[in-house]
Amino acid sequence: MDIVKKLAQERRARLAAERLLQQKQTELFAANKKLGAHARALSDDLVDKQAEVQQVRSEAQALAGENTRVKQNLAVAEFQVQVAERRLWNSIQTVEDGFAVFDQNSKLVLANNAYIAAFDGLEEMCEGISYPDVLRLLTDEGIIDLEGRAPADWREDMLDRWQSNALEPMVVKLWNGMYIKAIDRRGSEGDTVCLALDITDTIRYEARLERERLKAESANRAKSAFLANMTHELRTPMNGVVGMAELLGDTDLNDEQMLYRDTIHNSATALLSIINDVLDFSKIEAERLVLRPDPFDIAGSIQEISTLLLPSTTEKSLKFYLYIDPNLPGTYHGDSGRFRQILTNLIGNAIKFCPSGHVMVSATAVDEELVFDITDTGIGIEKSMCKHIFGEFNQVEDERNRQFEGTGLGLAITKKLIEQMGGSISVESVVGEGSCFTFRLPNRRSAGSTPPKEVPQYNIKAIVIEPDEISARVITNYLGHFGIQSTLLKTWDELTDEHQFEVAFMSDASQMAPPKGRLSEAHVVQIITSNRSSMVGISHPLSLGDLNHVLANYAPLPAPIVPVEEPVDDTPEDLRKLRIVAAEDNKTNQLVLRKMLKTLDIDLTIVNNGQEAVQAFQDISPDLMFMDISMPIMDGKEATGQIRALEAEAERDRTPIVALTAHSMEGDKDAILAAGLDHYLTKPLRKAAIHDKIRELTPQDICRPFPDESP
Ligand code: ADP
């Protein structure tokens, strides 16, 4: 090979090597550049990380500070909790009452000394003991006074209680006479917190109070019994005064003497009524007032009482309204005497405290109750006094009021009676406008009682001429019960040709005479709604019965058939006289009795005591005997006993014996009837009552004692 070729070859190889070198240098440069950029990025990153590390480090430092603070706080809190716990525990230990906590498994968790002390140092009584074991310790160790109960029974009851949801407080007695009240509460975790309160002092105090109360009550009862006896003793002479005054009225007296007699009679009757109030009150106080329920016509009673009290409203020119709901039971089961007393007292008060205006009585049957409203337009009662007046001897102490007489016992007695009947009483009143006393009684229809009276229905139209609104309402209401539609007019002037009617009810208050022409075919009924008495028309206060009577006579209805008793016409010529023996030790009463029977055609023998009565029974064989109960030598009950024995021995018929007595304490009547007496009359003796008894008890084959009633 030539040199040129070789040189060319070398030059080509050198050039190739130079190109390769250049390329490598370029690559190296690029790699260096990349490395530089990476190194720069790394360095930036490093700076960032260093900053981050710095921040984290400072945060860590801050946290370390916080941690120290929290730790310190925790330590303080822990310390405080310990202090609080110690204080609480110290307090619990200081408390003289027992305190314990049981966990949800009924194991004792903690108990204070007072709780443990009751167990008298028993080692078993410590943390971890179960509640049933505590109960066992209590009974087995005689810690509890079981007062005669079997230990197992007691424990069973206690466990039942422990397992119940509502742990009722209970009282237990310990062997040493201590009384512990156990109050247990379930906590949210199932724990039970137990408190054992020492209530020994309270129990002893209560027992002492109870003893004092019983003593006071017995003293009060003794006082009431004394009062009752006193009033009884007062009634006996008062009986003489009233009786004699009554008899005096039957004699010829001039006007002046009549005035004196009336004054004696009225004063004595008023005094008797006060004595009766005191007697009633002392009976209630002595818990000796017993109600005597019997079936009675309640509507009739209300009507009767209203009629009796009507004159007192007339004296004061008061209007009197009465409305009795026809749905009242036909017969009511209750103590009729006490019912009358309640109503008389309330209506009496309404009249007494009402100087002008009206008094209204209404009785309605509402569901299971009878509601009685006694309303007046009188002086009224302050609101603050409305409760007070139902207390004994309480009156509205006010100058206005003092002009009225009274003992302040009426409402106290009334309230007690109503409550004893299962009812209630209240009052609503506005001073200067009037009062409304409302009492409610349970609607006790008597067994087998008649339903409210059947009201016949009339297919007629009526007009009612009555200017007084209340009384017009009462009349139209009553007429509605008879199915009568009525148009109400104030005066006859309002009557026009349009008015259709077959009957006109015209109250005396309408004053004008009815126009002649229109009424030729109509029936005009005069109704008296003013308090004056009148011989014409339906008398006041209007009653459903009176209306019925008038309508029955007018309307084309079949008249009720009334059985007429055949007159007996077999009066033998020479019948013997009725023989009466009366035993009475008090001379005044003997005189009263003699005078009261003066006009009767009888053989009367009066004896002074029970012994004489027994003798007279044997000597005279009376048809009827009146027997006082309290008599010297032998009392009425013993005498009656002996008479009954004599009758049995001789197989004689029973002689009716009527007790005449001022004894009216409850139970007296039963005791008297149990002693063999047949009837019972209380003093003061009333001529009419005695005559009625004689009339009732005179045998058929004997001369009629009342001459003017002879057949
Ligand atoms: P008394 O009528 O004997 O004073 P009560 O117990 O019946 O006793 O009445 C107590 C008091 O209640 C009366 O004194 C009177 O102040 C008041 N009071 C009773 N009823 C009425 C009434 N209808 N209007 C105003 N006050 C009355």
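How each quantity is defined
- Residues numbered from 1 in each chain as written.
- Predicted model: local features only at pLDDT ≥ 70, side-chain atom pairs only at ≥ 80, totals over all residues.
- Heavy atoms only, no water.
- Helix = DSSP H or I, 4+ residues; strand = E, 2+ residues; numbered from the N terminus.
- Rg over C-alpha atoms; globule rule 2.2 N^0.38 Å.
- Buried < 20%, exposed > 50% of the residue type's maximum accessible area, 1.4 Å probe, protein only.
- Contact = heavy atoms within 4.5 Å.
- Areas by Shrake-Rupley, 256 points an atom, 1.4 Å probe, with all protein chains shown as cover.
- Lys, Arg positive; Asp, Glu negative; His and termini not counted.
- Charge placed at Lys NZ, Arg CZ, Asp CG, Glu CD.
- Phe/Tyr/Trp six-rings, centres within 6.5 Å; stacked < 30°, edge-to-face > 60°.
- Lys NZ or Arg CZ within 6 Å of the ring centre and 35° of its normal.
- Axes fitted to C-alpha atoms, helices over the stretch in contact; angles between N-to-C directions.
- Parallel < 35°, antiparallel > 145°, perpendicular 65-115°, else oblique.
- Left-handed = near helix turned anticlockwise from the far one by under 90°.
- Nonpolar A, V, L, I, M, F, W, Y, C, P; charged D, E, K, R; others polar.
- Pairing = 2+ DSSP bridges.
- Core = buried A, V, L, I, M, F, W, Y, C linked by side-chain atoms within 4.5 Å.
- Arc of directions from axis to C-beta.
- Polar contact = N/O pair within 3.5 Å; in protein donor to acceptor, adjacent residues only side chain to side chain.
- Patch = residues over 30% accessible without salt bridge, like charges linked within 9 Å, V, L, I, M, F, W, Y side chains within 5 Å.
- Salt bridge = Lys/Arg side-chain N within 4 Å of Asp/Glu carboxyl O.
- pLDDT = per-residue confidence, 0-100.

**Re the overall build of the chain**
Now for step 1: When you go through the chain residue by residue, the secondary structure sums to 17 helices and 21 strands.
Now for step 2: Here the C-alpha radius of gyration of the chain, 51 Å, is well above what a compact globule of 711 residues would show, namely 27 Å.
Now for step 3: Relative to its full complement of 711 residues, the chain shows a buried share of 38%.
Now for step 4: By sequence separation, contacts in the chain at least 24 residues apart represent 61% of the contacts at least 6 residues apart.
Now for step 5: When the accessible surface of the chain is totalled, it reaches about 41,100 Å², and 53% of it is carbon and sulfur.
Now for step 6: A gap of 12 Å separates the mean positions of the 76 positive and 110 negative side-chain charges of the chain.

**Thoughts on the packing of aromatic side chains**
For any pair of aromatic rings, geometry is given as the distance between the ring centres together with the angle between the planes.
Now for step 1: In the structure shown here, the tally under the stated rule is eleven aromatic pairs.
Now for step 2: By the ring-pair criterion, three or more aromatic residues cluster together here, those being F296, Y332, F339, F372 and F439.
Now for step 3: Above the ring of W162, the side-chain terminus of R186 is found at 5.4 Å from the ring centroid.
Now for step 4: The cationic tip of R695 hangs over the ring face of F706; the distance from NZ or CZ to the ring centre is 4.3 Å.

**Description of the environment of F482**
Now for step 1: Inspection of the secondary structure puts F482 in the loop between α11 (469-481) and β14 (485-489).
Now for step 2: Sequence separation of F482 and Q457 is 25 residues, and the distance between their C-alpha atoms is 4.7 Å.
Now for step 3: With near-sequence residues (within four places) excluded, F482 lies in contact with V455, P456, Q457, Y458, L544, L547, N548 and L551.

**Considerations on the packing of helix α5 (residues 200-249) against helix α13 (residues 587-596)**
Now for step 1: The contact between α5 and α13 brings their axes to 9 Å, and the two run at 30 degrees. One way to sum up the angle between α5 and α13 is to call them roughly parallel. Crossing of α5 against α13: the hand is left-handed. Only T588, N589, L591, V592, K595 and M596 of α13 make contact with α5, whose side of the interface consists of T236, N239, G240, G243, M244, E246 and L247.
Now for step 2: Tallied by class, residues from the contact of α5 with α13 come to five nonpolar, six polar and two charged.

**Some points on the sheet that holds strand β19 (residues 624-628)**
Now for step 1: Read from one edge of the open sheet, five strands run β18-β17-β19-β20-β21, paired in parallel fashion. What marks the edges here is a single partner per strand, and that holds for β18 (602-607) and β21 (679-682). Averaged over all pairs of adjacent strands, the angle between strand axes in this sheet comes to 20 degrees, irrespective of strand direction.
Now for step 2: Bridge count between β19 and strand β20 (residues 657-661): four bridges; the pairing is parallel. Opposite F626, over in β20, you have V658 as the bridge partner.
Now for step 3: Its contacts with the sheet place α13 against β17 (578-583), β18 and β20, and it is angled at close to 180 degrees to β18.

**Considering the environment of S486**
Now for step 1: Secondary-structure assignment places S486 in strand β14.
Now for step 2: Judged by its relative accessible area of 25%, S486 is partly exposed.
Now for step 3: Spatially, the C-alpha atoms of S486 and Y321 are 20 Å apart, while their sequence positions differ by 165 residues.
Now for step 4: Leave out the neighbours within four places in its chain, and S486 touches A462, V464, T476 and L479.

**Examining helix α3 (residues 131-140)**
Now for step 1: When we look at burial in α3, the residues that qualify are Y131, V134, L135, L137, L138 and T139.
Now for step 2: Positive backbone phi, approximately 70 degrees, marks G142, located one or two places after α3.

**Quick look at the nonpolar core**
Now for step 1: The biggest cluster of nonpolar side chains holds 71 residues, and the ones touching the most others in it are I302, F372, F439 and F505.
Now for step 2: The biggest single contributor to this core is helix α8 (residues 336-352), with seven residues.
Now for step 3: Contacts of F505, omitting those with residues within four sequence positions, involve A462, I463, V464, I465, L479, V525, I527, L547 and L551.
Now for step 4: Counting 26 residues, the second largest nonpolar core, distinct from the first, contains F119, Y131, I144 and W162.

**Structural notes on helix α14 (residues 610-620)**
Now for step 1: Along α14, the positions that sit buried rather than exposed are G610, A613, V614, A616 and F617. Summarising the axial view, the buried residues of α14 lie within an arc of 160 degrees, below the 170-degree limit, and thus occupy one face.
Now for step 2: Its buried side turned inward, α14 meets β17, β18, β19 and α15 (636-650).
Now for step 3: Capping the start of α14, N609 holds a side-chain oxygen 3.0 Å from the backbone nitrogen of Q611, two or three residues further along.
Now for step 4: Positive phi appears at S621, one or two residues downstream of α14, with a value of about 50 degrees.

**Some remarks on the sheet that holds strand β5 (residues 192-198)**
Now for step 1: One open sheet holds the five strands; their spatial order is β2-β1-β5-β4-β3, and the pairing between them is antiparallel. Each of the sheet's edge strands pairs with one partner strand only, and the pair in question is β2 (108-111) and β3 (170-173). Sheet twist, expressed as the mean angle between neighbouring strand axes with direction ignored, is 25 degrees.
Now for step 2: Taken together, the three bridges between strand β1 (residues 98-102) and β2 define a ladder with antiparallel strand orientation. Residue pairing for β2: V101 is matched across the bridge by L110.

**Re a negative patch on the surface**
Now for step 1: A surface patch of like charges, here negative, comprises D44, D45, D48 and E52.
Now for step 2: For E52, the position within the fold is in helix α1 (residues 3-94).

**Digging into the pattern of salt bridges**
Now for step 1: In total, this model carries 26 salt bridges according to the counting rule given.
Now for step 2: Among the ionic pairs, D140 bridges to R136, the shortest N-O distance being 3.8 Å. Of the two residues, D140 and R136 both sit in helix α3, four residues apart, roughly one turn of that helix.
Now for step 3: Assessed through its relative accessible area of 29%, R136 is described here as partly exposed.
Now for step 4: One salt bridge connects R213 with E217, and the closest N-O pair in it is separated by 2.6 Å. Pair noted here: R213 and E217 are both in helix α5, with a separation of four residues, about one helical turn.
Now for step 5: Three or more residues joined by partner-sharing salt bridges are found here, namely E124, D133, R136, D140 and R155.

**A few points about the environment of R644**
Now for step 1: Examined against the element boundaries, R644 turns out to sit in helix α15.
Now for step 2: For R644, a relative accessible area of 13% translates into the label buried.
Now for step 3: Spatially, the C-alpha atom of R644 lies 23 Å from that of D701, the residues being 57 residues apart in sequence.
Now for step 4: Every residue in contact with R644, bar those within four places of it in the chain, is listed here: R654, T655, I657, G676 and D678.

**Quick look at the confidence of the model for the chain**
Now for step 1: Looking at the chain, the pLDDT average stands at 84 and 90% of residues meet or exceed 70.
Now for step 2: Counting interchain partners and residues more than four positions distant, the pLDDT-below-50 stretch residues 556-572 has four contacts.

**Remarks on unusual backbone geometry**
Now for step 1: In the Ramachandran plot, S106 falls in the positive-phi region, its phi being about 60 degrees despite a non-glycine side chain.
Now for step 2: By the element assignment, S106 lies in the loop between β1 and β2.
Now for step 3: Take S106: its relative accessible area is 17%, and that puts it in the buried class.
Now for step 4: Look at S317: it is not a glycine, yet its phi comes out positive at around 55 degrees.

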